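Remarks on the overall topology
The lines below spell out each chain.
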Amino acid sequence: MSMKNIRYLRAFGLVANAVYVAYGILIDAPPVYIGCDIAVGLHTYRTIETMNKKNKKMEKQDRTNAPTKIRNVYLSDLHKILLIYGNKPLTSDFGLPLALIEDNNEIIGYAFVAFNSFHKPEIKTLFQPGFEAEETKQLLTEHANNVFSSICAPDENDFTRLEKYREYFMDWLNLSNEQTNKTTTSYKPFTEKPLLKITKLSLRPQDQH
């Protein structure tokens, strides 16, 4: 039996038992209206539960079919990335954001490069709760790897400059957040500039000391 037919049967049972409740009250028969009242409550609960499940299923399908977009990170994206990170003081695990994924123009996750205990770069991802999927994570990681390859040479083994830039970048973000929290004006520390372009400029060989 289909779910549609079950809903019709529950609606019919709900109406029928409601009629018997009224009838039981009229003839002053407590067993009748008490029993039917319980049945009305059960049918109501099951009907609401079924409708909620249907709505959640439709929302999940809409989310699955919604267009997604993977792109590079811009400075104007950083405040949303910080919200996904947890809107807390930045530490070394924040890394350097390289790519992000959007769902209906909303940033739902990002990929970043972090450094392990051996000072080797690793591409990691972080998503909003409920949006992480293995296929999505793989596509985002691949895009981030391409961005990382455009920053560093394929045979590069010394990532000291990149690590220093990450530290400067986190210090700047923390300072920007402090300034934003101290003012009540419409101060916006992040602008619509490519983060990758700034990274390239900061990692030029002539800047190394």
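Residues numbered from 1 in each chain as written. Predicted model: local features only at pLDDT ≥ 70, side-chain atom pairs only at ≥ 80, totals over all residues. Heavy atoms only, no water.

1. Some points on the overall build of the chain
Across its full length, the chain holds six helices and four strands. Along the chain, helices and strands appear, N-terminal first, in the series α-α-β-α-β-β-β-α-α-α. Within the chain, the fraction of its 209 residues that count as buried is 32%. A total accessible area of about 14000 Å² is found for the chain, and carbon and sulfur atoms account for 56% of it. (Helix = DSSP H or I, 4+ residues; strand = E, 2+ residues; numbered from the N terminus. Buried < 20%, exposed > 50% of the residue type's maximum accessible area, 1.4 Å probe, protein only. Areas by Shrake-Rupley, 256 points an atom, 1.4 Å probe, with all protein chains shown as cover.)

2. Notes on the packing of aromatic side chains
Within this structure, the stated rule accounts for five aromatic pairs. An angle of 85° between the planes, with centres 5.0 Å apart, marks the rings of Tyr85 and Phe94 as edge-to-face. Phe94 shares its class with Tyr85; the two are buried. Arranged with centres 6.4 Å apart and planes meeting at 45°, the rings of Phe94 and Tyr110 form a pair that is tilted. Residue Phe94 is found in the loop between helix 3 (78–85) and strand 2 (96–103), and its partner Tyr110 is found in strand 3 (residues 106–115); the two are separated by 16 residues along the sequence. By relative accessible area, Phe94 is classed as buried at 1%. (Phe/Tyr/Trp six-rings, centres within 6.5 Å; stacked < 30°, edge-to-face > 60°.)

3. Considerations on unusual backbone geometry
Backbone geometry at Asp28 places phi at a positive 55°, although glycine is not the residue there. Structurally, the position occupied by Asp28 is in the loop between helix 1 (3–26) and helix 2 (30–65). Classification of Asp28 by relative accessible area gives exposed; the value is 58%.

4. Considerations on the nonpolar core
Ranked by internal contacts, the top residues of the largest apolar core, which has 36 residues, are Phe94, Leu98 and Tyr110. Every element with two or more residues in this core is listed here: helix 3, strand 2, strand 3, helix 4 (134–151) and helix 5 (160–182). Sort the elements by how many residues they give to this core and strand 3 lands first, with eight residues. Filtering out sequence-adjacent residues up to four positions away, Tyr110 remains in contact with Ile81, Ile84, Tyr85, Phe94, Pro97, Ala99, Leu100, Lys124, Thr125, Leu126 and Leu140. (Core = buried A, V, L, I, M, F, W, Y, C linked by side-chain atoms within 4.5 Å. Contact = heavy atoms within 4.5 Å.)

5. Description of a nonpolar patch on the surface
Together, Tyr20, Tyr23, Leu26 and Ile27 make up an exposed nonpolar region whose accessible area comes to about 470 Å². For Ile27, the location among the structural elements is in the loop between helix 1 and helix 2. Ile27 sits in the partly exposed class, given a relative accessible area of 42%. (Patch = residues over 30% accessible without salt bridge, like charges linked within 9 Å, V, L, I, M, F, W, Y side chains within 5 Å. Salt bridge = Lys/Arg side-chain N within 4 Å of Asp/Glu carboxyl O.)

6. Observations regarding the sheet that holds strand 3
If you trace the four strands from one edge of the open sheet to the other, you get 1-2-3-4, paired in antiparallel fashion. Two strands in the sheet have a free side with no partner beyond their single neighbour: strand 1 (68–72) and strand 4 (121–127). Geometrically, the sheet is characterised by an average inter-axis angle of 20° between neighbouring strands, direction not taken into account. Relative to strand 3, strand 2 is paired through seven bridges, and the arrangement is antiparallel. Note that in strand 3 the partner of Glu102 across the bridge is Ile107. (Pairing = 2+ DSSP bridges. Axes fitted to C-alpha atoms, helices over the stretch in contact; angles between N-to-C directions.)

7. Digging into the pairing of strand 3
Taken across its ten residues, strand 3 has nine buried, putting it largely inside the fold. Two successive antiparallel strands, strand 2 and strand 3, enclose a turn made up of two residues, where Asn104 displays a positive phi of approximately 55°. As paired elements, strand 3 and strand 4 share seven bridges and run antiparallel to each other. Within strand 4, the residue paired with Gly109 across the bridge is Phe127. Between strand 3 and strand 4, which pair antiparallel and follow one another directly, the connecting turn spans five residues, one of which, His119, has a positive phi of 60°.

8. Thoughts on the confidence of the model for the chain
Here the chain averages 76 in pLDDT, and 76% of its residues register 70 or above. Throughout residues 184–191 the model reports pLDDT below 50, and contacts reaching past four residues in sequence, or to other chains, amount to 16 contacts. In this model, residues 197–209 is a region of pLDDT below 50 whose contacts with residues beyond four sequence positions or in other chains number 16 contacts. (pLDDT = per-residue confidence, 0-100.)

9. Description of the pattern of salt bridges
Following the criterion strictly, the structure yields four salt bridges and no others. A salt bridge links Glu132 to Lys137; the nearest nitrogen and oxygen atoms lie 3.9 Å apart. Using a relative accessible area of 52% as the deciding quantity, one classes Glu132 as exposed. Lys137 sits in the partly exposed class, given a relative accessible area of 29%.

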